[in-house]
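# Observations on chain architecture
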Amino acid sequence: MSSSQLLDTRTTHFGDLIRNGKIYRVPAFQRDYSWTIENWEDLWQDIESIYHDSQSSHYMGAIVLQNSPDSNQEFTIIDGQQRLATLSILAIAILDKLQDLINQGQAVEENRERQNILRRTYLSDKDPRSLRYSSKLLLNANDNDFYQSNLINLRKPRNQRRLTTSNQLLWQAFEHFSKCLNGLASVVRNGEELTTFLTDVVAQRLVFIQINVQDALNAYTVFETLNARGIELSTTDLLKNYLFSSFQGPDDLREAQRQWKRLIDTVTMRQFPEFLRDYLSLSQTGVRKDRLFKTIRRAITNAEQAFHLLDDLEQYSDLFIALGDSHDELWRETPNCQPYIRELQLFRVKQAYPALFAAYVKFAPSDFVRVLKLIGVLSFRYLVVSQLNPNALQTIYNEVAIAIMNDQITTSREVFNACRSIYIPDDKFQQDFAVLRLSTKRHKKLVQYILAKLEEHECGHPIERNSFSIEHILPESASESWQRTFTETQLDEMTYRLGNLTLLEPSLNRELGNQAYAVKQQTYPQSRYRLTQSILAQEWTADSLADRQGRLARQAVQIWQADFV
């Protein structure tokens, strides 16, 4: 199917969007109004800029609308509700300024007529029965009552503190733009200027790409296309909209909303696509983040399946967050997991999450700890030291996760057997470690971790990771005496070689600075760290640095060793 059949795309502006009897609905299950002062200030700065430059306009991004099957004047907002709601609030603030002029007795009849025309054009029509205004924009279930009753009808809430968070934000947006308008004295001085500001600046020079789609599947096709072009839409919102469309009755929808809120409060909107991919990888291979909607649409076709998915996601959401936080309450009863969780954080290991999800629910706690430890070793060898492409890890861990869930892998040893292809052999690991170079500016915590593990191997007991400074034997800022020993190329290449780094008490490190090696050589024996005491070379040269790193590499093979070899 061609793109022209899937969607209708045009350039438009706020005035064209909102006039001519069009009605825009935010789905009942769409997220609440969430813009804050940072968003309002950014928008106002853009509006001020185009106000002062009469030839300019401002691009507001894409707005995605789903056509109504019953009317060509009604649309569901797939993406863009925050921007449309905020611009309508700005229009309400302008109407309020006109009301101030009327109250002051300034051109009362003219300003009242302007107010009525602007209200009908950009905001709402008055119901002839109730004589109350109803909006061209209908917000979600949590925000619409307040928006219609208070903002559209210019009624200040009696007690702002009792409002929900999103209702408070709606009212605060109104107050913010009221203050901003006061700052434009040339605009608020009379009704003609206020009207021109709304009709010529806000309505005509804020430009959107309007994209109309026929159904949710087409909306997702748009989503993929726009993201490929760098225009950000929310996967999470789109997925939620599809799931919630499965629920028919209000009770089911309310329960789904409660579940969704708990889920997003735990995982966050930003992390949800990654979390969902990890969950789906428990049963499917090759799940891609840019195909999540199609995957869910294929799997979920009714309310029962949607509830089952939400139940499952809730079950794994706490674990997803805990795998990225060694202090999470989940590890309170299994503190022996914490050092391995810290390693996953340090190595930035996310590929293993599906396998860890599966191991956590299927294995005994002791076996889960062994899997955690194994993945730390695998990651250190593969990612940190040998610095190989992480894509292969994704495939292996995905297959391991499915095998665990299907009871084809039932022990940590079997996990290791399935991961043998990504376990870097000792000889290659030692060879790569012997030339490892890590900038202490970019990877300070990682260097501290490696030096601490080497020291613990030497002394036989744990040490505090934050108790020592990282000493560069060949200093980062080499003095002239060092430049006589090392060439310019060697200075660049060897300063951050692991063999050039050691542990040192902060006070001793400050004393040494970038002193010559002869001075440092006298100080190192005073250190309590055995790794530093053992620096015995008579001169510090490229060869002595390489010899020391070779010795460290041999120790590393023993330290970062899988239990199953």
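None of the values given here were measured: they were computed from a predicted structure.

When you go through the protein chain residue by residue, the secondary structure sums to 28 helices and 10 strands. Relative to the globule expectation of 24 Å for 565 residues, the C-alpha radius of gyration of the protein chain, 31 Å, shows a markedly less compact shape. Summarising its shape, the C-alpha atoms of the protein chain cover approximately 95 × 60 × 50 Å along the three principal directions. Within the protein chain, the fraction of its 565 residues that count as buried is 52%. Within the protein chain, residue pairs in contact and separated by at least 24 positions form 71% of the contacts whose partners lie at least 6 positions apart.

Of the two faces of strand β9 (residues 469–472), the one holding Ser469 and Glu471 and the one holding Ile470 and His472 are both buried throughout. Note that β9 and strand β10 (residues 501–504) share four bridges and pair antiparallel. When the bridges of β10 are listed, Ile470 appears paired with Leu503.

With 20 residues, helix α15 (residues 303–322) extends 29 Å from end C-alpha to end C-alpha; this agrees with the ideal 28 Å at 1.5 Å per step. The axis of α15 is deflected most strongly, by about 35°, at Tyr316. All buried positions along α15 are accounted for by Ala303, Ala306, Phe307, Leu309, Leu310, Asp312, Leu313, Tyr316, Ser317, Leu319, Phe320 and Ala322.

Attention shifts here to the pattern of salt bridges. Summed over all chains, the structure comprises 19 salt bridges. The partner of Lys373 in a salt bridge is Asp563, and the shortest N-O contact between them spans 3.1 Å. A residue pair is termed long-range when its members are at least 10 positions apart, and Lys373 in helix α18 (residues 365–385) and Asp563 in the segment after α28 (542–559) qualify at 190 residues. Taking the relative accessible area as the measure of exposure, Lys373 reaches 27% and is therefore partly exposed. Taking the shortest distance from any N to any O, the salt bridge between Asp426 and Arg381 comes out at 3.0 Å. On the criterion of sequence distance, the pair formed by Asp426 in helix α21 (residues 426–433) and Arg381 in helix α18 is long-range, its members being 45 residues apart. Asp426 sits in the partly exposed class, given a relative accessible area of 30%.

Let us look at the packing of aromatic side chains. What the rule picks out here adds up to 32 aromatic pairs. Here the aromatic rings of Phe14 and Tyr122 are separated by 6.4 Å at their centres, their planes lie at 15°, and the arrangement is stacked. A residue pair is termed long-range when its members are at least 10 positions apart, and Phe14 in helix α2 (residues 14–18) and Tyr122 in helix α5 (residues 108–122) qualify at 108 residues. Neither residue differs from the other here; Phe14 and Tyr122 are each classed as buried. Taking the centre distance of 5.4 Å and the plane angle of 80° together, the rings of Phe416 and Tyr423 count as edge-to-face. Here Phe416 and Tyr423 have matching classes, each one buried. Among the aromatic side chains, those forming a connected cluster through ring pairs are Trp260, Phe272, Phe275, Tyr279, Tyr316, Phe320, Tyr353 and Phe357. The ring of Phe429 is capped by Arg381, whose NZ or CZ atom sits 4.4 Å from the centre of that ring.

Moving on to the pairing of strand β4 (residues 74–79). When strand β2 (residues 23–25) meets β4, the two strands line up parallel, connected through three bridges. Each residue of the ladder has a partner; that of Ile23, found in β4, is Glu74. Once strand β3 (residues 58–67) ends, the chain turns through six residues before running back antiparallel as β4.

With that out of the way, let us pick up the side chain of Glu456. Looking at the secondary structure, you find Glu456 in helix α22 (residues 444–459). Excluding residues that lie within four positions of it along the chain, Glu456 makes contacts with His461, Pro462, Ile463 and Arg465.

Take the side chain of Ser178 next. Mapped onto the elements of the fold, Ser178 is located in helix α7 (residues 165–182). Among residues more than four places away in sequence, those in contact with Ser178 are Ala93 and Lys97.

Right, let's get into the nonpolar core. The biggest cluster of nonpolar side chains holds 104 residues, and the ones touching the most others in it are Phe272, Phe380, Phe433 and Ile450. For this core, the element with the most residues is α18, which contributes 13 residues. Apart from residues lying up to four places away in sequence, Phe433 is in contact with Phe380, Val385, Ile450, Leu454, Leu498, Gln549, Leu552, Ala553, Ala556 and Trp560. Ranked by size, the runner-up nonpolar core spans 58 residues in total, among them Ile18, Ile89, Leu118 and Leu137.

Glycine aside, residues mostly have negative phi angles, and peptide bonds mostly take the trans form. Unusually for a residue other than glycine, Leu154 sits at a positive phi of about 50°. With respect to the element layout, Leu154 can be found in the loop between α6 (144–152) and α7. Its relative accessible area of 26% is what places Leu154 among the partly exposed residues. Of note in the backbone geometry, Asp407 takes a positive phi value of approximately 65° without being a glycine. Structurally, the position occupied by Asp407 is in the loop between α19 (391–405) and α20 (412–418).

So, about the confidence of the model for the protein chain. This prediction gives the protein chain a mean pLDDT of 89; 93% of its residues lie at or above 70. Ranking the elements of the protein chain by mean pLDDT puts helix α1 (residues 3–6) last, at 44, and α21 first, at 98. Considering only residues more than four positions removed or in separate chains, one finds that residues 1–6, a stretch of pLDDT under 50, has six contacts. Confidence drops under pLDDT 50 across residues 228–233; counting only partners more than four residues distant or on other chains, this segment forms nine contacts.

Once that is clear, we can look at helix α17 (residues 353–362). For an α-helix, 3.6 residues make a turn, and residues three or four places apart therefore share a direction. Burial of α17 is extensive: seven of the 10 residues sit out of reach of the surface. Elements that come into contact with the buried residues of α17 comprise α13 (272–280), α15, α16 (338–347), α18 and α19.

This structure, assessed with the given rule, holds zero disulfides. The thiol of Cys337 is unpaired, and the distance to the nearest cysteine sulfur, on Cys419, comes to 18 Å. Owing to a relative accessible area of 1%, Cys337 belongs among the buried residues under this scheme.

Thresholds applied
Residues numbered from 1 in each chain as written. Predicted model: local features only at pLDDT ≥ 70, side-chain atom pairs only at ≥ 80, totals over all residues. Heavy atoms only, no water. Helix = DSSP H or I, 4+ residues; strand = E, 2+ residues; numbered from the N terminus. Rg over C-alpha atoms; globule rule 2.2 N^0.38 Å. Buried < 20%, exposed > 50% of the residue type's maximum accessible area, 1.4 Å probe, protein only. Contact = heavy atoms within 4.5 Å. Pairing = 2+ DSSP bridges. Expected span 1.5 Å × (residues − 1). Bend = angle between axes of the 7 residues up to and from the residue. Salt bridge = Lys/Arg side-chain N within 4 Å of Asp/Glu carboxyl O. Phe/Tyr/Trp six-rings, centres within 6.5 Å; stacked < 30°, edge-to-face > 60°. Lys NZ or Arg CZ within 6 Å of the ring centre and 35° of its normal. Core = buried A, V, L, I, M, F, W, Y, C linked by side-chain atoms within 4.5 Å. pLDDT = per-residue confidence, 0-100. Disulfide = S-S within 2.5 Å.

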